[in-house]
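# Notes for the structure review
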Amino acid sequence: MAAATDDYEHYEAIVVGCGPGGAAAAARLADHGVETLVLERGTEAGSKNVSGGLIYGEESAPYTLADLFDGVREAATERPVTDYYIHNVAGNSVKTYDLTDLHEHDTDWCDAVLRRELDSWLERRVHEKTSETGGGVLTNVRVNGLLESDGEIVGVTCDELEPITADLIVAADGVNSELAREAGLMDWEEPEEWFQGVKAVVDVDPDAIDDRFDLDPDEGAAHLFSGDLFDDVRGGGFLYTNEDSLSIGTVFHLDSLLEREAEPHELLDALLTHPLLAGWFENEYDEREYAAKLVPDSKKAAHREPYRDRLVLVGDAAGQMQAQGPIIKGMNHAVTAGALAADAFAVTRGNADPAAAGRRYTKLLEDSGTMAKLRPRRYDLARAVGEREGVTSAVERVLESPLGSLAVGNPIADRLLERAYNSPFLVSMLPDTKTGYVSLPTLIAEEHGKTIHWESEIEPPTLEERIGDLTYDTDVGNPHIELLDQSLDASGAAVTACPVSAEDFGGGCYRSEAVKTNGTEETLVSLDTQPCVECGTCAVVADTEWEHPRGGKGVEYREG
Amino acid sequence: MRSIVLTKGVPDFSEGAVSFDEEGHLERGKTPTVMNPNDEFALQAALQTKIRHGGHVSGMSMGPPGYAEVLQGAMETVYTDDSYLLSDRELAASDTWATAITLSAGLETYQEEVADIDIVFAGFKTADGETGQTGPQTCWAMDWPIVTHVVALDIDPDERTLRAKRLVEGDVDEIETVEAPLPCFVVTDPEFEPTYRTASQRLTRKRLRAETEERAADHDDHLTTWDHADLNLDPDYIGLDGSPTIVSSVDPIPKAPSEREATMIDPDAGDGMGEVLEEIQPYAAEADD
C-alpha cells in the first residue's frame, strides 16, 4: 500500500508496550524532551504481564529502574531479596546451598515484584512525564503492524486507531512481539530458544511470611529448586516472598517439555506439593492466580542488532532475557535497553539516516556490557563442548557410577560445590543439559541431603479451577489465534505444552479429538482461544497464525 | 464549539432499585433518582464534539434541587465544564409543554448571560414519561433546526454546519445523512456511538478525565441555579398552571404471561430421565433432518 503518510498523526517517538522496558524508554525519551506516545494493549499496564519475578538493580548497569523512577521501590515493588538459596532435591532428600554470594554479585538491590502493581504504577509515572512533552500513555490500544512507505518502516498501525507515523518506534511489546516478527528480526521457530514458566501467586499473611521464612518485614527470601522432582524435564522451580503472598513457579526449557510431553501445570504442582514447601504453607493453600509466560533464552535468542530502520526492539521483544543456571534476569536488562534506546535517539535526533538511532543503540548495548551479559562468550565456548550429546551422556554415566557418587559425595566436594554454584564465572558456563538441571542436583541431594519426614497435604486447584479464577474479556467471534494445521504431527504438541491445556481435559485451549472421516478415524487437534493466557507457547510448538487479542480483550492478570 | 446537554433525573427502574405500592403505583419517595438512561448518548455526543473540536460543554436540567446530583453525574461521566439547574416550586408538575417553555427560557438566558450556543444535545425520550416530545418542543420554542435519531455526527466548525447520520426506522431500517446549519438541536439515538480514532483524541479524553475529577468533587462550585424570576417566566405559563396535559388515571401495565412451560421432575424418581428423553426425542429427530 502506497500510503499517503502525510495525512496521519505524527509523534516524534512511539513506544509500544508499557512494561518496564517500554516505561524506561518512554521516561528517558521524555527526559530528553521528545514528544512520546506510549501504546499499551492491556486495560492497564501490567494486566498482560507476568514475571517470576525478581527485578535487579545491577551495580554495573548504566540504568536501573530505581534510577529512572524515583520512589518505585517504596511504592510498587514487594520485598527486597536478602536471603537466596538453592535446594537440590532427590525424592524426600534435600541439600540446600546458600547462594547469597552469587546473588549479591554485581547486585545493588533486588526486589520481588508483582507486575500488575509495578507496571500500573510505572504507567502513571510515564503518563505524567510524557504528557509534559506532548504525548502520553494510551491503554486498550493494540498495535497490530508496521506502517511502511517505499519499503521503509515509518510508523505503526493499530486495531483501534488510525495509523501513526514516528521518527522512532520502540517495540517493547514483549516476548511475542508482533512488530519484531513483522520486521523479520525475531521468529517463533526453535523450541530450543525458549523457556516456558508457570507461576502461582499464593496468599499468605505478612506475619506468617516473616515467621515461616525467618524474615523481618523489610526482608525477603528467594528459593530455587532443582533435582528429580520435575520428571527429568530440564529446568527448575522458584519461590519468592512478596509483601503478603508468595510467587511460586517453575521454568523449563521448551524443547525439554516437548520431548518429555510434560504438562506444565503438573510440574508446578509437583513443586507445590513437595514436602519441602509444606512447612511454609502449614497446610493452608489459597492460590490467588495462575499465570504462564514464554521466556526467551538470551544466550541463543538475544538479537545482536535489534533494529530495522526507525524500529528498535527492547526487552523480551529483542530476546533480552538472561537465564544462566540460577541467575534469572530479564526486567533489569529491558530497563537498561529501553533507556539506552532513548539515549541513542536523543543523540541521533535529526539525522537523515532512519537507522541512525538503531545503530547507536546497538553500539550502546555493546559498550555498556549489556550484550555481553545477554550473550556471554564463555557460554558460547563451553556450549560447543558441553551440549554435544556424547559429552553429556559421558558425564551422565560418570555421575551415575559409584565414581560419581564418590566425587560428589565427599565432604570436600560439598564445600567446593557450594562455592562453584556461587561463582558467576562458572555459572555463566553452565551448559543447558540434563546434567546441570537434574543429575547433579539429584546426586548432591542423595549424597549430602537431609531427608524430610513430613508429608504435604496441599491440594493445588485443578487446571479447570485455575482457568475459572482468571479474568477474561473475551473477544467473542474474533479469535486471535488461528490453527493452520490440525494434524497431530504439526500441532499435537500444544495439547500438553500449552499451560492451559492438558491431555484428557476438555476445557483448555488445545484438545486432541478422534474424528471419523470417510470411514477412517484420525486424531485431530482443535483450538478454543477462550482460556488463552497469551503466553505464545503454541506459536512455537504448533502451526498457527498467532496474534494478540484486540486492545483490552483477552486475559487480564490481577497479580502478574 | 459551545454545547448544552439537556438531561433529566428519572426513577431508577432497574431491578432491585424501583419500588411499587400494592396497587402497582410507583413509590417516588422510595425509588432513587438517576440520570435518564437515554441522556447518556446525548452526553457522549457532546463529549465527542468537545474532544474533536475543543470548546465548552454545559449540563442543563429542570427539576428539584436533588437533580444537581444528576448534573454532577454528567460531569463525572463526560466531563461537562459546568452545570445549570432550572429549579423552582413554581415549576413543579410541568408537562412536556411547560417543560419545553422552561428549558427554552433556560437556553435563552444562557445565551444572554453566558455565551452563544452552537449545539443543544438531548436524549431520545425519558424513561418515566416516554413521550419523546420535550426535545422537539424546546427546539420549536427556540425556532432552531433539529436533527433527531442521530447515530453519528461530524461537525465542520469553519463552515458552521453539521453532518449527521440518522436512523430511520421503518419496514427496513435506513441510515439517512443530513446536513444542518449551526446553531442546531441534536437528539441522539440509543445507537449513537462516539468514536475516537486518533491518538490525540484519546489523549485529550484522558486529560479531560483527569481534570474533571477535582471539579466534579466540588460540583456545587460549578452549579448555577435559576428560578422562574431569573428565567423571566410568568408563573401562569409554567408548572402545573402552564401544563395543558391532564393525566386522568395511571394504570399499571400487567405482566405478559410467560410462554414457557415448566414441568418438575424429581431427580430421585427412576423414570424421570425417561420422561426427559421422551420430551426431547422429537427435537432430536428434527435436528437429524
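Values in this document were obtained by computation on a predicted structure and should not be read as measured data. Position numbers for residues count from 1 along each chain, tracking the sequence in the order it is written. Chain A is the first chain written and ligand 1 is the first ligand written, with later ones labelled in order. Local features in this predicted model are restricted to residues of pLDDT 70 or higher, and side-chain atom pairs are both shown and tallied only at a pLDDT of 80 or more, whereas totals for entire chains, interfaces and linings draw on every residue. Here the side-chain values reflect all heavy atoms present in the structure, with hydrogen atoms and water set aside.

## Quick look at the pairing of strand S6 (residues 119–122) of chain B
Residue and element names in this part refer to chain B. Rule in force here: Throughout this description, buried means an accessible area under 20% of the type-specific maximum (1.4 Å probe, protein chains only), exposed means over 50%, and partly exposed covers the range between. Numbering goes from the N terminus for both helices and strands, where a helix is a DSSP run of H or I of at least four residues and a strand is a run of E of at least two. Two strands pair under a simple rule: DSSP has to find at least two bridges between them.
Along S6, one buried face is formed by Ile119 and Phe121 and the opposite face, lined by Val120 and Ala122, is buried too. Bridging between strand S1 (residues 2–6) and S6 involves four bridges; their strand directions are parallel. Bridge pairing in S6 places Ser3 opposite Ile119. Sheet topology places S6 next to strand S10 (residues 184–188); four bridges connect them, and they run parallel. From the neighbouring strand, Ile119 faces S10, where its bridge partner is Cys184.

## As for a nonpolar patch on the surface
Residue and element names in this part refer to chain B. Selection rule: For patches, a residue must show more than 30% relative accessible area and have no salt bridge; joins then use 9 Å for like charges and 5 Å for nonpolar side chains, namely Val, Leu, Ile, Met, Phe, Trp and Tyr. The Shrake-Rupley method, run with a 1.4 Å probe sphere, supplies the accessible areas, and residue values consider only the shown protein chains as cover. For salt bridges, the criterion is a side-chain nitrogen of Lys or Arg within 4 Å of an Asp or Glu carboxyl oxygen.
Judged by side-chain polarity, Phe13, Phe20 and Leu26 come together as a nonpolar surface patch covering roughly 270 Å² of accessible area. Here Leu26 is to be found in the loop between strand S2 (9–11) and strand S3 (33–35). Leu26 gets classed as partly exposed once you look at its relative accessible area, which sits at 32%.

## Let's talk about the confidence of the model for chain B
Reading fine detail from the predicted coordinates is not recommended where pLDDT is low. What counts, and what does not: Residue-level confidence of the predictor, termed pLDDT, takes values from 0 up to 100.
Summarising the model, chain B shows a mean pLDDT of 87, and 97% of its residues fall at 70 or more. The least confident element of chain B is helix H6 (residues 272–288) of chain B, whose mean pLDDT is 75; the most confident is strand S11 (residues 223–226) of chain B, at 96.

## Some remarks on the interface of chain A and chain B
Here is the rule we go by: Should any heavy atoms of two residues lie within 4.5 Å, those residues are considered in contact. In this description, buried area is defined as the sum, over both parts, of the accessible area (probe of 1.4 Å) that is lost when the two are combined.
The interface is formed by 16 residues belonging to chain A together with eight residues belonging to chain B. Both sides together, the interface formed by chain A and chain B hides about 1000 Å², and carbon and sulfur atoms give 54% of it. Looking at the side of chain A facing chain B, the largest losses of area belong to Glu9, Leu138 and Leu161 of chain A, adding up to 42% of the total buried there. At the junction of chain A and chain B, the tally comes to two salt bridges. The residue Lys206 of chain B makes a salt bridge to Glu123 of chain A at a minimum N-O spacing of 3.9 Å.

## Let's talk about the side chain of Gln320 of chain A
Residues and elements named next belong to chain A. Our working definition: Here a polar contact is recorded for every N or O atom pair within 3.5 Å, except that within protein the pair must consist of a potential hydrogen donor and a potential acceptor, and residues adjacent in sequence are included only if both atoms are side-chain atoms.
With respect to the element layout, Gln320 can be found in the loop between strand S17 (311–313) and strand S18 (322–324). At 2.6 Å, the side chain of Gln320 and the backbone nitrogen of Gly315 are in polar contact. Apart from the residues within four sequence positions on either side, Gln320 is in contact with Ser298, Pro306, Leu313, Val314, Gly315, Gly330, His333, Ala337, Tyr361, Leu365 and Leu374.

## Here's the deal with the packing of helix H1 (residues 20–31) of chain A against helix H12 (residues 331–348) of chain A
For any two helices packed against each other, one specifies the crossing angle of their axes together with the interaxial distance. All names here are of chain A. Which entries qualify depends on this criterion: Only the stretch in contact is used when fitting a helix axis, every axis being a line fitted to C-alpha atoms; angles between N-to-C directions are given from 0 to 180 degrees. An angle counts as roughly parallel when it lies under 35 degrees, as roughly antiparallel when it exceeds 145, as roughly perpendicular when it falls between 65 and 115, and as oblique in every other case. When the near helix sits turned anticlockwise from the far one by under a right angle, the crossing is termed left-handed; a clockwise turn instead gives a right-handed crossing. Amino acids outside the nonpolar list (Ala, Val, Leu, Ile, Met, Phe, Trp, Tyr, Cys, Pro) and the charged list (Asp, Glu, Lys, Arg) are all regarded as polar, and Gly is one of them.
Across the interface, H1 lies against H12 with an axial gap of 7 Å and an inter-helix angle of 30 degrees. Taken together, the axis directions place H1 and H12 in an arrangement best described as roughly parallel. Handedness of the crossing formed by H1 with H12: right-handed. Facing H1, whose interface residues are Pro20, Gly21, Ala24, Ala25, Arg28 and Leu29, H12 presents Met331, Ala334, Val335, Gly338, Ala339, Ala342, Asp343 and Phe345. Taken together, the residues that form the contact of H1 with H12 break down as 10 nonpolar, two polar and two charged.

## Observations concerning the environment of Leu182 of chain B
Residues and elements named next belong to chain B. Position of Leu182 among the secondary structure elements: in the loop between strand S9 (174–181) and S10. Residue classification places Leu182 among the buried positions, given a relative accessible area of 9%. Every residue in contact with Leu182, bar those within four places of it in the chain, is listed here: Met1, Asp118, Ile119, Ile155, Arg160, Thr161 and Leu162.

## Quick word on the sheet that holds strand S5 (residues 93–98) of chain A
Residue and element names in this part refer to chain A. Spatial strand order, S15-S11-S14-S13-S12-S4-S5-S20: eight strands in an open sheet with mixed pairing. Sheet topology places strand S15 (287–296) and strand S20 (450–451) at the edges, where each strand pairs with a single neighbour. Relative to strand S14 (residues 245–253), helix H9 (residues 264–272) is tilted by about 130 degrees, and along the sheet it contacts strand S11 (194–203), strand S12 (221–227), strand S13 (235–241), S14 and S15. Taken strand by strand, helix H18 (residues 411–421) contacts strand S4 (83–90) and S5, and its axis lies near 55 degrees from that of S5.

## Things to note about the environment of Gly279 of chain A
All names here are of chain A. Mapped onto the fold, Gly279 is located in helix H10 (residues 275–281). Taking relative accessible area as the criterion, Gly279 reaches 34% and is therefore assigned partly exposed. Between the alpha carbons of Gly279 and Leu118 there is a distance of 29 Å; along the sequence they are 161 residues apart. Residues within four places of Gly279 in sequence aside, it is in contact with Arg212 and Trp454.

## Quick look at the nonpolar core
In a soluble, globular protein the nonpolar side chains are often hidden away together inside. All names here are of chain A. Which entries qualify depends on this criterion: Buried Ala, Val, Leu, Ile, Met, Phe, Trp, Tyr and Cys residues form a nonpolar core when they are joined through side-chain atoms within 4.5 Å. Where each domain starts and ends follows an automatic or database-derived domain assignment.
In terms of nonpolar packing, the biggest core is built from 68 residues, with Ile248, Leu277, Phe281, Tyr510 and Val533 touching the most fellow members. Residues lining this core come from more than one domain, with at least three contributed by each of domain 2 (79–107 + 188–296 + 389–427 + 433–469) and domain 3 (472–556). The residues contacting Phe281, other than those within four sequence positions of it, are Val202, Arg212, Leu246, Ile248, Leu272 and Ile458. Membership of the second largest hydrophobic core comes to 48 residues, among which are Ala26, Phe69, Val113 and Ala172.

## What about a negative patch on the surface?
Residue and element names in this part refer to chain A. Quick note on the threshold: When charges are counted, neither His nor the chain ends are considered; positive counts come from Lys and Arg and negative counts from Asp and Glu. The location of each charge is read from NZ of Lys, CZ of Arg, CG of Asp or CD of Glu.
A cluster of acidic residues, Asp205, Asp207, Asp211, Asp214, Asp216 and Asp218, forms a negative patch on the protein surface. Examined against the element boundaries, Asp207 turns out to sit in helix H7 (residues 206–212). For Asp207, a relative accessible area of 55% gives the class exposed.

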